[in-house]
Amino acid sequence: MTNIHQESEMEQDREPVRMLGISGSLRKASFNTGLLRAAQEIVPDWVDFQIFDIRDIPFYDGDLEAEGDPASVVALKAAIQNAETVIFATPEYNWGTSGVLKNAIDWASRDRTEGSLMGKPVTIIGAGGRAGTARAQMQLLETLGETGSLVMVKPGLQVMAFGDQQFDGDGNLIGEKTRELLANHLNALVKWTMQIVRPHEFVAYACEMDTATAGV
Ligand SMILES: Cc1cc2nc3c(=O)[nH]c(=O)nc-3n(C[C@H](O)[C@H](O)[C@H](O)COP(=O)(O)O)c2cc1C
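Here is a short report on the structure shown in this document. (Residues numbered from 1 in each chain as written. Predicted model: local features only at pLDDT ≥ 70, side-chain atom pairs only at ≥ 80, totals over all residues.)

Here's the deal with the overall build of the chain
Moving on, step 1. Counting secondary structure elements, the chain contains eight helices and six strands.
Moving on, step 2. Helices and strands appear in the chain in the N-to-C order α-β-α-β-α-α-β-α-β-α-β-β-α-α.
Moving on, step 3. Relative to the 2.2 N^0.38 estimate, which gives 17 Å for 216 residues, the radius of gyration of the chain is 17 Å and therefore close to what a compact globule would have.
Moving on, step 4. Principal-axis analysis of the C-alpha atoms gives the chain an extent of 60 × 40 × 25 Å.
Moving on, step 5. Sorting the 216 residues of the chain into buried and exposed places 38% on the buried side. (Helix = DSSP H or I, 4+ residues; strand = E, 2+ residues; numbered from the N terminus. Rg over C-alpha atoms; globule rule 2.2 N^0.38 Å. Buried ≥ 20, exposed ≤ 12 C-beta atoms within 10 Å, placed from the backbone.)

Quick look at the site of the ligand
Moving on, step 1. Around the ligand sit 15 residues in total, of which Ser 25, Ser 30, Pro 91, Gly 128 and Gly 129 are the nearest.
Moving on, step 2. Among the residues making up the shell around the ligand, the classes are represented as six nonpolar, six polar and three charged. (Near = placed C-beta within 6 Å. Nonpolar A, V, L, I, M, F, W, Y, C, P; charged D, E, K, R; others polar.)

Examining the nonpolar core
Moving on, step 1. One finds Leu 35, Ala 39, Phe 88 and Ala 104 to be the most contacted residues of the largest nonpolar core, which totals 47 residues.
Moving on, step 2. At six residues, the largest contribution of residues to this core is made by helix H2 (residues 31-42).
Moving on, step 3. Residues within four places of Ala 104 in sequence aside, it is in contact with Ile 22, Ile 54, Ile 57 and Leu 76. (Core = buried A, V, L, I, M, F, W, Y, C linked by C-beta atoms within 7 Å. Contact = placed C-beta atoms within 7 Å.)

Let's talk about the pairing of strand E1 (residues 17-23)
Moving on, step 1. Within E1, six of the seven residues are buried, which leaves it mostly tucked inside the rest of the structure.
Moving on, step 2. Read from E1 through H2 to strand E2 (residues 47-52), the crossover connection turns out right-handed.
Moving on, step 3. Bridging between E1 and strand E3 (residues 85-90) involves five bridges; their strand directions are parallel. Bridge pairing in E3 places Met 19 opposite Thr 85. (Right-handed = clockwise from strand over helix to strand, strands pointing away. Pairing = 2+ DSSP bridges.)

Printed below as a string of structure tokens:
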């Protein structure tokens, strides 16, 4: 990984940090899904990075919910429960996040049991037009605030996807600078997540990071 250091022996012994990526775009060549695929490549072996596809989630409907969660919603809630941290990659549609992502979060927010979005460390990244999804991210920040998630905002990643080609025709991230910024954000996310969910492992981990980044 660009900024996360090589694995040490201690890291090989560590239970993998479980990260979940959710893209707010359904299209095959999505830049946002591309960011998550790049994140999957960037993280070291001791981070288990899964991507959850929200395309099968139906529109939220209280009547449907009353009949019992559809299988896709059960799977979404389980994926969030299993993750120690969730990274949302949002496009920007008319200054907001996508309807499909908002809808998935609405379903997920109905789970108030342990491991749900309530109290879950999460973060937001995004790739879009000239504002780099900043407005969509602000809207999503409010929504996630209401779900009770703990949102890591800095260092942040807002990718202007169209100017100097950041993605290839299949939505794969090719911009080196963006890859570096993504790595920085992931770096901070792993550190912050460990601080919250594994406070007893955090000090040893932080010391290792310190040593590694000092080039010792
Ligand atoms: C309905 C719609 C509205 C959009 N509105 C905005 C917008 O307000 N701001 C922006 O930066 N880009 C806007 N875009 C462009 C998207 O950000 C762009 O298509 C982006 O690539 C979508 O993400 P994806 O590549 O992950 O599918 C809009 C696109 C669509 C389809």
